[in-house]
Every structure is written in structure tokens, then in C-alpha cells.
Amino acid sequence: SAVISQKPSRDICQRGTSLTIQCQVDSQVTMMFWYRQQPGQSLTLIATANQGSEATYESGFVIDKFPISRPNLTFSTLTVSNMSPEDSSIYLCSVTALGRYEQYFGPGTRLTVT
Amino acid sequence: AQTVTQSQPEMSVQEAETVTLSCTYDTSESDYYLFWYKQPPSRQMILVIRQEAYKQQNATENRFSVNFQKAAKSFSLKISDSQLGDAAMYFCAYRSAMHFTYKYIFGTGTRLKVLA
């Protein structure tokens, strides 16, 4: 399975500011995804990060609020913009490797907005 | 649209005993994948076991096994010889096998407590 790292692991931010979360994989992967998980809840897919093109967003998530980049096959960033306390969540990156169908998850970024 | 239902928000099991977590799903597709993931408190989500819908044989991984009933659209996880380290949230997930379909549909999770 791929080894996935995320930075930062946690952060406390002021409302109105933005935070960029990085996801790095140790091997080339086909698909990269970004999820949000609120405390005690299941995972909600924010978007699929597409290499070299705009991300594909799920209903309820927009690019202005959650801009995503994926410059190559091993790296992606998610920015949470103009944060409010409602954005306090765990943000997870996941990947699917070439020829595989299962997803592997990063350790997550725990975000608290005050 | 596909849905995944985990009807047990919380389960408890005595250490060394066996526990079964339930998962049902709804789909009109015939080919798909099913997964169980484990998420320990404040720790990384880990793939426990996977099942391809076209395979009749139930998947097993050491102490973890599934009971896959395709006609009933049921996919339960059995944990044998439960250990304290099995305490976690367990999520059931569905993924279509259609080309260019990569998204997971997750259940709401079951919190497993292991009692010493």
C-alpha cells in the first residue's frame, strides 16, 4: 500500500483566514481524493483532485471555498478558505494506486477554527 | 443512487470473544467492491478487508472475515478473538466497478468497544 503523509497534522486557526493542507504520496497514484470528517461522523467527499486540471467537486462544495491543486502524480493540496468555526473538522487525503481499486488514507489534518 | 447502511451505532465485545458488525447496501449494479475500514481513536483509517462482488467466496484476513450475501445486499464483518486494539470506528464502504467510477459510498460507522 502507498505511504501517505499530510501536513500539518493539526492546526488552530482564526476565522476568516485560510489554511493549505498538503498530501504527499511515496509512489505514483491514479486518483487522489479529499474528504472531510466531522467529529464522530462518517466521511464526506469534498472533491477528486485531478492531475494538471481542475478538481471535480461534490455537491455542496465549491472551488472558491476549497481550492485544490494537483501538480503531479504524488502531491496535492487542499486550501480551506475564509474559515469559520463550521469548518472545524478532520480533513483526509486518500489515494488509489494504478491498477488497484481500494483507497488508502492519510493520517488526516485536524483543523480547529476559533 | 447507491446507499450504505450501518444500523449499529455502537457495539461491545468481551476480549477474546467474537463480534459481528452489520452492513447493508443498496445498488442496481451487479459488479462492485465492498470494504471495511477501521479508524482507531485519533489515528489513521486502515483498510481491514475487501470483497469483490463477482467472487462468491467470503474474504478473510487473519481474525477478520466477512459474510457477503449478494442477493440480500449484506456485508457483515466478523472479528474473532477480539483484542483491545480492535477498539475503533468501523466503516463499511461501497465502490462501483464501472469504468471511471472511483468514489466510495460510506456508511455512518459502528463504534466497537472491547471490554477487558
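A brief look at the structure comes next. (Residues numbered from 1 in each chain as written. Chains lettered and ligands numbered in written order. Predicted model: local features only at pLDDT ≥ 70, side-chain atom pairs only at ≥ 80, totals over all residues. Heavy atoms only, no water.)

A few words on the environment of T96 of chain A. All names here are of chain A. The topology assignment puts T96 in strand β9 (residues 89-97). Take T96: its relative accessible area is 3%, and that puts it in the buried class. A C-alpha to C-alpha distance of 13 Å links T96 and F75, two positions 21 residues apart in sequence. Other than its neighbours up to four places away in sequence, T96 contacts V29, T30, M31, F33, Y101, E102 and Q103. A polar side-chain atom of T96 sits 3.5 Å from the main-chain carbonyl oxygen of E102. (Helix = DSSP H or I, 4+ residues; strand = E, 2+ residues; numbered from the N terminus. Buried < 20%, exposed > 50% of the residue type's maximum accessible area, 1.4 Å probe, protein only. Contact = heavy atoms within 4.5 Å. Polar contact = N/O pair within 3.5 Å; in protein donor to acceptor, adjacent residues only side chain to side chain.)

So, on to the packing of aromatic side chains. Tallied over the full model, the rule gives 18 aromatic pairs over all chains. Measuring from ring centre to ring centre gives 5.6 Å for F61 of chain A and F66 of chain A, while their planes differ by 65 degrees; the resulting arrangement is edge-to-face. Grouping residues by exposure puts F61 of chain A and F66 of chain A together as buried. Taken together, a centroid distance of 6.3 Å and an interplanar angle of 20 degrees make the contact between W36 of chain B and F75 of chain B stacked. A residue pair is termed long-range when its members are at least 10 positions apart, and W36 of chain B in strand β5 (residues 32-39) and F75 of chain B in strand β9 (residues 74-79) qualify at 39 residues. Given a relative accessible area of 0%, W36 of chain B falls into the buried group. Through pairs of rings, three or more aromatic residues link up here, namely Y35, Y101 and F105 of chain A together with Y33, F35, Y37, F91, Y104 and F106 of chain B. (Phe/Tyr/Trp six-rings, centres within 6.5 Å; stacked < 30°, edge-to-face > 60°.)

What the rule picks out here adds up to 8 salt bridges over all chains. Residue D26 of chain B is joined to K73 of chain B by a salt bridge in which the shortest nitrogen-to-oxygen separation is 3.6 Å. Taken together, the positions of D26 of chain B in strand β4 (residues 24-26) and K73 of chain B in the loop between β8 (64-69) and β9 put the pair 47 residues apart, joining distant regions of the chain. For D26 of chain B, a relative accessible area of 41% corresponds to the partly exposed category. Residue classification places K73 of chain B among the partly exposed positions, given a relative accessible area of 26%. Connected through shared salt-bridge partners, R100 and E102 of chain A together with R50 of chain B make up one network. (Salt bridge = Lys/Arg side-chain N within 4 Å of Asp/Glu carboxyl O.)

Our focus in this paragraph is the interface of chain A and chain B. The interface is formed by 19 residues belonging to chain A together with 18 residues belonging to chain B. Interface area, chain A with chain B, both sides summed: about 1,700 Å², of which 56% is carbon and sulfur. Connecting chain A to chain B are 2 salt bridges. Between E102 of chain A and R50 of chain B there is a salt bridge whose closest N-O contact spans 2.9 Å. (Buried area = accessible area lost by both parts, 1.4 Å probe.)

Next up on the list: the sheet that holds strand β3 (residues 19-25) of chain A. Residues and elements named next belong to chain A. Spatially, the 4 strands line up as an open sheet ordered β1-β3-β8-β7, and their pairing is antiparallel. Edge positions in the sheet fall to β1 (4-7) and β7 (68-72), since each has one partner strand and no second. Within this sheet the neighbouring strands show an average axis-to-axis angle of 15 degrees, counted without direction. Here β7 runs beside strand β8 (residues 75-80); their pairing, made up of 3 bridges, is antiparallel. Paired with S69 across the two strands is T77, which belongs to β8. (Pairing = 2+ DSSP bridges. Axes fitted to C-alpha atoms, helices over the stretch in contact; angles between N-to-C directions.)

Using the criterion set out here, one finds 2 disulfides over all chains in the structure. For C23 of chain A, the disulfide goes to C93 of chain A, at an S-S distance of 1.9 Å. Residues C23 of chain A and C93 of chain A share a disulfide whose torsion about the S-S bond is about -60 degrees; that sign makes it left-handed. Of this pair, C23 of chain A sits in strand β3 while C93 of chain A is found in strand β9, placing the two residues 70 residues apart along the sequence. A single burial state applies to C23 of chain A and to C93 of chain A, both of which are buried. Residue pairing for C23 of chain B: its cysteine sulfur links by disulfide to C92 of chain B, the two sulfurs lying 2.0 Å apart. The chirality of the disulfide connecting C23 of chain B with C92 of chain B is left-handed, given an S-S dihedral of about -70 degrees. (Disulfide = S-S within 2.5 Å.)

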